[in-house]
Amino acid sequence: MSTDSDCLFCKISAGVIPADIVMETESAIAFRDIDPKAPTHILIIPRSHFADVTELTQSNPNLAGELLTLASNVAKLQGLATGYRIVTNTGEDAGQSVSHVHFHVLGGRSLSWPPG
Ligand code: DGP
């Protein structure tokens, strides 16, 4: 497993920085976003370091599938039966602020479309 000692989400995965973890597997963890944009806002990350979804899918497409499965399981666990959104911001124009790939799971309210 490849990690980056300077990466915030690698530190959360390692338990060096605390987070409100809602689910975890051998390869991934799900924890509450520190700045929630919806009543339920959870981040899904791989334990291995990948900068973004492009790097992830090129390096390990099976892991990308595992992360989406975990996102779906988290949505079910959180009771988001009337709908939820999975988002992965990629790069500067999309507003990616942490360079460790993550999927946002948002729900618990009506979500408008298109996003800004
Ligand atoms: P993005 O902007 O798409 O790269 O999303 C990064 C998210 O990470 C943002 O919604 C806030 C969240 N975040 C940043 N720092 C921390 C932290 O230390 N703990 C937690 N739980 N979330 C964080």
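All of the points below concern the structure found in this document. Since we're looking at a predicted model, the values are computed, not measured.

How each quantity is defined
- Per chain, residue numbering runs from 1 following the sequence as it is written.
- Since the coordinates come from a predicted model, pLDDT governs what is reported: local features require at least 70, and pairs of side-chain atoms require 80 or more to be given and counted, while whole-chain, interface and lining totals use all residues.
- Each side-chain value is worked out from all heavy atoms of the structure, with water and hydrogens disregarded.
- A pair of strands is considered paired only if DSSP assigns at least 2 bridges between the two.
- The secondary structure listing takes helices from DSSP runs of H or I that are at least 4 residues long and strands from runs of E that are at least 2 residues long, numbered from the N terminus.
- Axis lines are fitted to C-alpha atoms, over the contacting stretch for helices. Their N-to-C directions set the angle, which ranges from 0 to 180 degrees.
- Here, residues are in contact when the closest pair of their heavy atoms is within 4.5 Å.
- Salt bridge, as used here, is a side-chain nitrogen of Lys or Arg placed within 4 Å of a carboxyl oxygen of Asp or Glu.
- Buried means the residue's accessible area, taken with a 1.4 Å probe over protein chains only, is under 20% of the maximum for its type, while exposed means over 50%, and partly exposed covers the values in between.
- Whether a residue is near a molecule or strand depends on its heavy atoms: if one lies within 4 Å, it is near.
- Counted as a polar contact is a pair of N or O atoms within 3.5 Å, where, for protein atoms, one must be capable of donating a hydrogen and the other of accepting one, and residues adjacent in sequence contribute only when both atoms are in side chains.
- For every accessible area listed, the method is Shrake-Rupley and the probe measures 1.4 Å; residues are considered covered only by the protein chains on display.
- Note that Gly is not counted as nonpolar here; it falls among the polar residues with everything else outside the nonpolar set of Ala, Val, Leu, Ile, Met, Phe, Trp, Tyr, Cys and Pro and the charged set of Asp, Glu, Lys and Arg.

1. A look at the sheet that holds strand β5 (residues 103-107)
- What the 5 strands build is an open sheet, ordered β1-β2-β3-β5-β4; its pairing is antiparallel. Bordering the open sheet on either side are β1 (21-24) and β4 (84-87), each of which pairs with just one other strand. Each strand axis lies, on average, 20° off the axis of its neighbour in the sheet, ignoring direction.
- Looking at chain direction, strand β3 (residues 40-46) and β5 are connected through 5 bridges and run antiparallel. If you follow Ile44 over to β5, its bridge partner there is Phe103.
- Strand contacts of helix α3 (residues 61-77): β1, β2 (28-32), β3, β4 and β5, with the helix running at about 155° to β3, the strand carrying the most contacts.

2. Describing the pattern of salt bridges
- Taken as a whole and assessed by the stated rule, the structure comprises 3 salt bridges.
- We note a salt bridge from Arg32 to Asp20, for which the minimum N-O separation is 3.4 Å. Taken together, the positions of Arg32 in strand β2 and Asp20 in the loop between α1 (8-14) and β1 put the pair 12 residues apart, joining distant regions of the chain.
- Overall, Asp20 belongs to the partly exposed group, its relative accessible area being 41%.
- Of the charged contacts, one joins Lys37 and Asp35 as a salt bridge, the two residues approaching to 2.7 Å between their closest N and O atoms.

3. Regarding the site of the ligand
- The ligand sits among 15 residues. The nearest are Asp33, Asn89, Ser97, His102 and His104.
- A distance of 3.2 Å separates a nitrogen atom of the ligand from a polar backbone atom of Ile34.
- Notes on the ligand: free accessible area 510 Å², of which the protein chains cover 83%.
- Where the shell around the ligand is concerned, the elements lending two or more residues are α1 and β2.
- With 3 residues, α1 is the largest single contributor of residues to the shell around the ligand.
- Looking at the shell around the ligand, its residues break down into 7 nonpolar, 6 polar and 2 charged.

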